[in-house]
Amino acid sequence: MAVAILVCGILAGCQARFPEVSEASKVEVRLTRSACFGWCPAYAVAIAGDGSVTYDGVSSVAVSGRFQDRIAPAEVAALVAMFERADFFALKDEYIAEVTDSPFYSVSLAIDGRTKKITDYVGKMAGMPAVVTELEDAVDRAAATAKWVKGTPETIPMLRRTGFDFSSGRAATFLADALEIESYGYASELILAGVPLNGRTSRRGDPTFELLAPLVALSDLAVSRPGLDRISLLFSRAAAERGTRQDRSVALVIAAKLGDAALVRRLIALGVDPVIQESQMGPYTALHTAASAEIARLLLRAGIDPDVSGPWMPKAVLATESEDVALLLTGEGLGDQTKGELIARARKKGWTRLLAKLGA
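The structure displayed is predicted, hence computed values, not measured ones.

A. How the structure looks around the environment of Pro41. Tracing the chain through its elements places Pro41 in the loop between strand E1 (27–33) and strand E2 (42–48). Looking at Pro41, the relative accessible area reads 31%, which means it is partly exposed. Discounting residues that sit within four places of it in the chain, Pro41 has contacts with Arg33, Ser34, Ser59, Ser60, Val61 and Val149.

Shown next, in the form of structure tokens:
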């Protein structure tokens with residue numbers, strides 16, 4: 001026996017046997033996931049032995065802030081049994097890889113005053129057993145964190161049960177976060193619930209990132225990414241009903257891209273800021289996204305300047321994906337450089353009518 005104890009003392013991380021649970025009230029399982037250089041969900045969740053769950057969302061999650069839930073005590077017991085099978089208390093306290101910009105994870109178990117915590121920083125690269133990741137994921141599953149972290153069909157009903165105020169600034173942050181993490185189904189439900197349209201993400205105080213108003217970010221996506229038609233149209237219609245002047249300007253960009261002439265006319269009549277200034281691409285207008293010459297004519301008649309451009313956004317004639325719009329915007333005073341760029345773009349796109357107009 002003495003030899004066994006000596007060997008145990010020599011082996012790194014070897015500890016006494018797994019502690020017995022005397023009372024459920026003396027058990028707590030906790031999981032923490034940190035932010036990273038990017039959009040890693042940052043949150044913590046604690047599960048007590050009686051089944052009470054406490055979630056704290058920090059950033060890049062569907063729901064930020066503290067929320068409570070409950071699971072069956074038997075589920076907690078099953079989770080603790082997983083830790084026991086993994087011989088959790090015999091594992092090392094940390095597995096840290098020599099890399100940067102990744103999230104930290106930690107998982108801990110407390111039983112009768114004895115606590116074991118494992119820190120995982122890209123632990124697989126540092127020899128961490130796969131069972132640690134399995135335990136982290138098991139805590140997520142037991143606590144059903146997806147409804148808070150990712151935004152699922154359960155999220156809106158859960159928020160309603162808590163008496164959440166969908167007209168609040170906090171709700172606007174939830175919408176911003178939903179768009180940031182690309183949880184578009186959940187974001188659509190928030191818009192339909194009447195959430196304010198011009199909130200900021202929960203990372204708004206992080207100087208590492210240029211954080212845009214969420215719907216300006218959505219319009220940026222509308223310029224560059226297909227497949228967002230449903231939520232884009234939902235927002236545009238909501239902006240026409242209850243948005244600010246700048247919200248409506250963003251909506252105009254989206255409506256122009258979707259080719260919805262009726263909505264374009266309505267938004268113009270309501271009044272919009274002609275230029276979206278707060279964008280990662282720099283200033284641009286709805287002319288950059290206009291799907292047709294009809295839409296472009298409506299915008300030009302509304303006084304939108306075709307020469308607006310930004311650091312990563314050329315003027316509309318060089319950005320449009322429509323040959324008809326390019327033909328409409330190609331006129332006198334084009335300038336040699338712009339003309340040369342336009343000829344190159346027309347050749348790449350196979351726009352023969354535009355090439356003929358340019359004499360190329």
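So that's the structure; there's more coming.
B. Looking closely at helix H11 (residues 261–270). Listed in full, the buried residues belonging to H11 are Ala261, Leu263, Val264 and Leu267. Considered in projection along H11, the buried side chains sweep an arc of 160° and stay on one side of the axis. Exposed positions of H11 whose direction lies more than 90 degrees from the buried face are Ala262 and Ala269. Elements that come into contact with the buried residues of H11 comprise helix H9 (229–242), helix H10 (245–258) and helix H12 (293–301). Two residues or fewer after H11 comes Gly271, characterised by a positive phi angle close to 100°.

C. Region of interest: the side chain of Glu180. Mapping Glu180 onto the fold places it in helix H6 (residues 169–180). With relative accessibility at 18%, the residue Glu180 sits in the buried group. Only 2.9 Å separates the side chain of Glu180 from the side chain of Trp39, close enough to count as a polar contact.

D. Local environment of the nonpolar core. Counting 100 residues, the largest nonpolar core has Ile47, Phe83, Phe88, Leu109, Leu159 and Leu299 as its most contacted members. Ranked by residues supplied to this core, first place goes to H10 with 7 residues. Every residue in contact with Leu299, bar those within four places of it in the chain, is listed here: Leu252, Ala256, Val264, Ile268, Ala286, Leu287, Ala290 and Ile304.

E. Broad picture of the state of the cysteines. As enumerated under the stated definition, the model contains 1 disulfide in all. Between the sulfur of Cys36 and that of Cys40 lies a disulfide, 1.9 Å long from S to S. An S-S torsion of about 85° defines the bridge between Cys36 and Cys40 as right-handed. Here Cys36 matches Cys40 in class, with each residue buried.

F. Spotlight on the packing of aromatic side chains. Under the definition given, this model contains 8 aromatic pairs. Taking the centre distance of 5.2 Å and the plane angle of 90° together, the rings of Phe164 and Phe166 count as edge-to-face. The same class applies to Phe164 and to Phe166, which are both buried. Put simply, the rings of Phe18, Phe83, Phe88 and Phe89 touch in pairs and so form one group of aromatic residues. Lying over the aromatic face of Phe166, Arg160 brings its terminal NZ or CZ to 4.9 Å of the ring centre.

Reading the values: rules and limits
Residues numbered from 1 in each chain as written. Predicted model: local features only at pLDDT ≥ 70, side-chain atom pairs only at ≥ 80, totals over all residues. Heavy atoms only, no water. Helix = DSSP H or I, 4+ residues; strand = E, 2+ residues; numbered from the N terminus. Buried < 20%, exposed > 50% of the residue type's maximum accessible area, 1.4 Å probe, protein only. Contact = heavy atoms within 4.5 Å. Arc of directions from axis to C-beta. Polar contact = N/O pair within 3.5 Å; in protein donor to acceptor, adjacent residues only side chain to side chain. Core = buried A, V, L, I, M, F, W, Y, C linked by side-chain atoms within 4.5 Å. Disulfide = S-S within 2.5 Å. Phe/Tyr/Trp six-rings, centres within 6.5 Å; stacked < 30°, edge-to-face > 60°. Lys NZ or Arg CZ within 6 Å of the ring centre and 35° of its normal.

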